Amino acid sequence: MKPMDAHLPSPSAHTGSPRPFITLSGISKTFPDSSKGSDGAVEALRSISFSFPRNSFISIVGHSGCGKSTLLRIVSGLETASFGLIEIDGMSPTEFSKDRPFGFVFQDAALLPWKTTLENVRLPLDILNIETPAIRDRRAREMLELVHLNGFEDRYPAHLSGGMRQRASIARSLCYRPDVLLMDEPFGALDDFTRREMGDELLRIYAQRQATVLFVTHSLSEAVLLSDFVVVLLPRPGRVEKIIPIELERPRGSAVRSSSKFRAYVAELEALIFGEGS
Ligand SMILES: Nc1ncnc2c1ncn2[C@@H]1O[C@H](COP(=O)(O)OP(=O)(O)OP(=O)(O)O)[C@@H](O)[C@H]1O
Ligand SMILES: [Mg+2]
């Protein structure tokens, strides 16, 4: 992974290799604000530009309301930008996702309570009618094994812990082998201990099954642990303050957290977000 490929304003400015996989050029988003009458508007994002190579793990951090979720929704094509251009593998998000659906993991695991863990994980494959039922079943079981949930296939979500539900939701998002995985505070609802465990789990899963990941988090240490690049957004309107390449060798283990380099990255992010001397 070459950090020099990060935060290029446009593909034309890109001369090195590998070539960019995901590029945002001048993305801006303004929402109408009905509380301020017909002229009101909320400028959620202003001129967001960056470019990252395939299989990068990119974290997006910043204060509440700085536009992180909006940015993810724009990348996924669920929301359209007011201005700017987005390219994923040379295509618009809508074009790209026709053949290669995005994987999504949200803060709330959003499993269907009336389906078992296995059925929940298999659901996207069933909806997309991928291969045969037997193959779908096998793939879902493989993913459950990857997230260490084998043995829990027949449990219903109500009988899983919060961390297990979140792992099931990660398995569900991975089972159709997405090239792009969008994760919006996936561990936000978990206690600190489980959250840390889940960070280690995701590190392990990412090492085994690479994808280009856009990961929104409020935990700066989680961002450093997992990422190749951390995008720091400033609020009102959301704009890029800095993109920090995380040059910690992979594979990374939980122990990396105690290294001085790791702590220096976390301190740098804290200073950027909360101000010097925080
Ligand atoms: N559909 C919408 N209509 C109007 N305003 C919106 C809409 N979605 C987001 N906004 C506004 O855009 C800004 C960015 O919101 P967004 O949800 O992207 O922030 P965020 O960084 O994800 O915040 P948090 O960390 O709290 O999840 C906020 O001011 C929000 O009120
Ligand atoms: Mg959000």
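Residues numbered from 1 in each chain as written. Chains lettered and ligands numbered in written order. Predicted model: local features only at pLDDT ≥ 70, side-chain atom pairs only at ≥ 80, totals over all residues. Heavy atoms only, no water.

1. Here we look at empty space enclosed by the protein
Filter applied, for reference: With a 1 Å grid laid over protein atoms only, a set of points is called a cavity when a 1.4 Å probe fits there but cannot get out and a pocket when it is open yet has protein on both sides within 12 Å along at least five of seven lines; lining residues have an atom within 4 Å of a point. Grid points are joined across faces, edges and corners, and a volume is the space filled by probe spheres set on the points. Only DSSP runs of H or I covering at least 4 residues are called helices, and only runs of E covering at least 2 are called strands; the numbering of each starts at the N terminus. Gly falls in the polar group here, along with every residue not listed as nonpolar (Ala, Val, Leu, Ile, Met, Phe, Trp, Tyr, Cys, Pro) or charged (Asp, Glu, Lys, Arg).
Counting across every chain of the model gives one cavity of 30 Å³ or more. Empty space within the largest cavity amounts to approximately 50 Å³. As for the largest cavity, its lining consists of Ile 170, Leu 174, Leu 181, Leu 202, Ile 205, Tyr 206, Arg 209, Ala 211 and Val 213. Sorting the residues of the lining of the largest cavity by element identifies α5 (162-174) and α6 (192-208) as the ones contributing at least two each. Top contributing element to the lining of the largest cavity by residue count: α6, with three residues. A per-class count over the lining of the largest cavity returns eight nonpolar, no polar and one charged.

2. Re the environment of Asp 179
Heads up, the condition is: Contact between two residues is taken to exist if any of their heavy atoms lie within 4.5 Å; hydrogens are not considered. Polar contact is defined as a pair of N or O atoms within 3.5 Å, subject to the rule that within protein one atom must be able to donate a hydrogen and the other to accept it, and that residues adjacent in sequence are counted only when both atoms are side-chain atoms.
The topology assignment puts Asp 179 in the loop between α5 and β6 (180-184). Measuring from C-alpha to C-alpha, the distance between Asp 179 and Arg 138 comes to 20 Å, with 41 residues separating the pair along the chain. Apart from residues no more than four positions distant in its own chain, Asp 179 is found in contact with Phe 21, Arg 54, Phe 96, Arg 100, Ala 211 and Thr 212. At 3.2 Å, the side chain of Asp 179 forms a polar contact with the side chain of Arg 100.

3. Let's talk about the sheet that holds β6
Within a sheet, each strand pairs with its neighbour through backbone hydrogen bonds, oriented either parallel or antiparallel. Quick reminder of the rule: Paired strands, as defined in this entry, are two strands with at least two bridges between them according to DSSP. What counts as an axis is a line fitted to C-alpha atoms, over the stretch in contact for a helix, and the angles between N-to-C directions run from 0 to 180 degrees.
The strand order across the open sheet formed by six strands is β5-β6-β7-β3-β8-β9, and the pairing between neighbours is mixed. Where the open sheet ends on each side, the last strands, each with one partner, are β5 (103-105) and β9 (239-245). When strand polarity is set aside, the average angle formed by the axes of neighbouring strands in this sheet is 15°. Judged from the four bridges that link them, strand β3 (residues 57-61) and strand β8 (residues 229-234) form a sheet pairing that is parallel. Within β8, the residue paired with Ile 58 across the bridge is Phe 229. In this fold α5 packs onto β5 and β6, with an angle of close to 170° to the strand it touches most, β5.

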